[in-house]
Amino acid sequence: MKTSNPVLSRLGQAAERERAAGYGPYGPAPQPGYGQPAYGDPYPTAAGYPSAPPAVQPMTLDDVVVKTVLLLGLTGISAVAAWNLIPDALIGPAWIGAALVGLVLGLVILFSRMANPALVLTYAVIEGVFVGMVSKFFENILGYQGIILQAVIATFGVFFLMAGLYKARVIRATPKFIRGMIAVMAGLFAVMLINFVLALFDVNTGLRDNGPLGYIFSLVCIVVAALSFILNFNEIEEGVRMGLPQRYSWTAAFGILVGLVWLYIEILRLLSFFQGDD
């Protein structure tokens, strides 16, 4: 089936190759000859000859939901553990280290053609450390009490709002929308990476300061992070329609986790601006 999403196009082609090669959840399907039926032919079901398992289990929406909840739970447990185990003196190094490792791991997962559950689970743990350190810094070090709960509620509120808007087709993932979002997210990523590198050399651009420029940039990031869920929902919907193998639900869940973490961090930063003005 055709899709306007380039990532799903590659995954769909990979799924077609797997089905053509006869790979299923239990390895290669039996080949013709040696008393075995050809791939795709019905298996005998006579007594003493059990039928073979299906070639490829397609992913479903339930698969994505279960794996997303699992990743969120793992991220939350990792965040709580990092909060309690890592001392305040090591918040900075742990924060930066987790951010860099998560960035590299995320890029590996993003550009990999094969869904790897181990990598995705590891990413969730690393992101938990990152989220835990950022949260601890804002609430314990900067003293913004209650900001974590506010950010969590706002993050999931935005997520469910976008899910509702997508389901009602108020916002549609048209080809133009997808291309525009990919371009905007790539641009924001480049700007944030450059700003991060400059900050390491004590160069302040003002993008993350408590001021007009900081407010505008944070709001832009929040809007883009929220709209990125439309891409996630579209990928999931089309992936199910295309019959992608079940393991690609890990990739879909990974995309949602990335968006939630990004949105949470941006909302946390914006809320800190408001509390800082008190």
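Thresholds, definitions, all that
Residues numbered from 1 in each chain as written. Predicted model: local features only at pLDDT ≥ 70, side-chain atom pairs only at ≥ 80, totals over all residues. Heavy atoms only, no water. Phe/Tyr/Trp six-rings, centres within 6.5 Å; stacked < 30°, edge-to-face > 60°. Lys NZ or Arg CZ within 6 Å of the ring centre and 35° of its normal. Core = buried A, V, L, I, M, F, W, Y, C linked by side-chain atoms within 4.5 Å. Buried < 20%, exposed > 50% of the residue type's maximum accessible area, 1.4 Å probe, protein only. Helix = DSSP H or I, 4+ residues; strand = E, 2+ residues; numbered from the N terminus. Contact = heavy atoms within 4.5 Å. Axes fitted to C-alpha atoms, helices over the stretch in contact; angles between N-to-C directions. Parallel < 35°, antiparallel > 145°, perpendicular 65-115°, else oblique. Left-handed = near helix turned anticlockwise from the far one by under 90°. Nonpolar A, V, L, I, M, F, W, Y, C, P; charged D, E, K, R; others polar. Expected span 1.5 Å × (residues − 1). Polar contact = N/O pair within 3.5 Å; in protein donor to acceptor, adjacent residues only side chain to side chain. UniProt positions renumbered as here; feature names shortened; annotations may be inferred. Salt bridge = Lys/Arg side-chain N within 4 Å of Asp/Glu carboxyl O.

1. Observations regarding the packing of aromatic side chains
Under the definition given, this model contains 10 aromatic pairs. Ring pairs connect the aromatic residues Phe159, Phe160, Tyr166, Phe229 and Phe233, which therefore count as one cluster. Across the ring face of Tyr166, the terminal group of Arg169 is positioned such that the distance to the ring centre comes to 4.8 Å.

2. Structural notes on the nonpolar core
Grouped together as the largest cluster of nonpolar side chains are 59 residues, with contacts concentrated most on Ile230 and Leu268. In terms of residue count, helix H8 (residues 249-276) provides more of this core than any other element does, 16 residues in total. Beyond its immediate stretch of four places on either side in the chain, Leu268 contacts Val134, Ser135, Phe138, Ile147, Ile148 and Ala151. One finds Ala82, Ile86, Ile91 and Ala94 within the second-largest nonpolar core, a separate group that totals five residues.

3. So, the packing of helix H5 (residues 147-167) against helix H7 (residues 212-242)
Between H5 and H7, the least distance of the axes is 9 Å, while the angle of their chain directions is 55°. In terms of axis orientation, H5 runs oblique to H7. Of the two elements, H5 crosses H7, and the hand of that crossing is right-handed. Contacts between H5 and H7 involve Val158, Phe159, Met162, Ala163 and Tyr166 on the former and, on the latter, Ala226, Leu227, Phe229, Ile230, Phe233, Asn234 and Glu237. Looking at side-chain class alone, the contact of H5 with H7 contains 10 nonpolar, one polar and one charged residues.

4. Considerations on helix H4 (residues 117-141)
The first and last C-alpha atoms of H4 sit 35 Å apart over 25 residues, in line with the 36 Å expected at 1.5 Å per residue. N-cap assignment for H4: the residue whose side-chain oxygen lies 3.0 Å from the backbone N of Ala118 is Asn116.

5. Quick look at the packing of helix H6 (residues 175-200) against H7
Contact geometry of H6 with H7 gives a least axis separation of 10 Å together with a crossing angle of 135°. Compared by their axis directions, H6 and H7 come out oblique. By crossing handedness, the relation of H6 to H7 is classed as left-handed. Where H6 abuts H7, its residues Phe177, Ile178, Met181, Val184, Met185, Leu188, Val191 and Met192 lie against Phe217, Val220, Cys221, Val224, Leu227, Ser228, Ile230, Leu231 and Asn234.

6. Quick look at the UniProt feature "transmembrane region" (unreviewed entry) in the protein chain
With numbering matched to this structure, UniProt assigns "transmembrane region" (unreviewed entry) to residues 64-86, 92-111, 118-138, 144-165, 177-201, 213-236 and 248-265. A distance of 26 Å separates the end C-alpha atoms of residues 248-265, which is 94% helix and 0% strand.

7. Description of the pattern of salt bridges
Opposite charge on two side chains lets them pair, provided their charged atoms get close. Under the definition given, this model contains four salt bridges. Close ionic contact of Asp88 with Lys136 constitutes a salt bridge, the shortest N to O distance being 3.1 Å. Here Lys136 lies in helix H4 and Asp88 lies in the loop between helix H2 (61-85) and helix H3 (91-111), a separation of 48 residues in the sequence. By relative accessible area, Lys136 is classed as buried at 6%. Put simply, Arg169 and Glu237 hold a salt bridge, and the shortest N to O gap is 2.8 Å. Taken together, the residues Arg169 in the loop between H5 and H6 and Glu237 in helix H7 connect sequence positions 68 residues apart. Judged by its relative accessible area of 30%, Arg169 falls in the partly exposed class.

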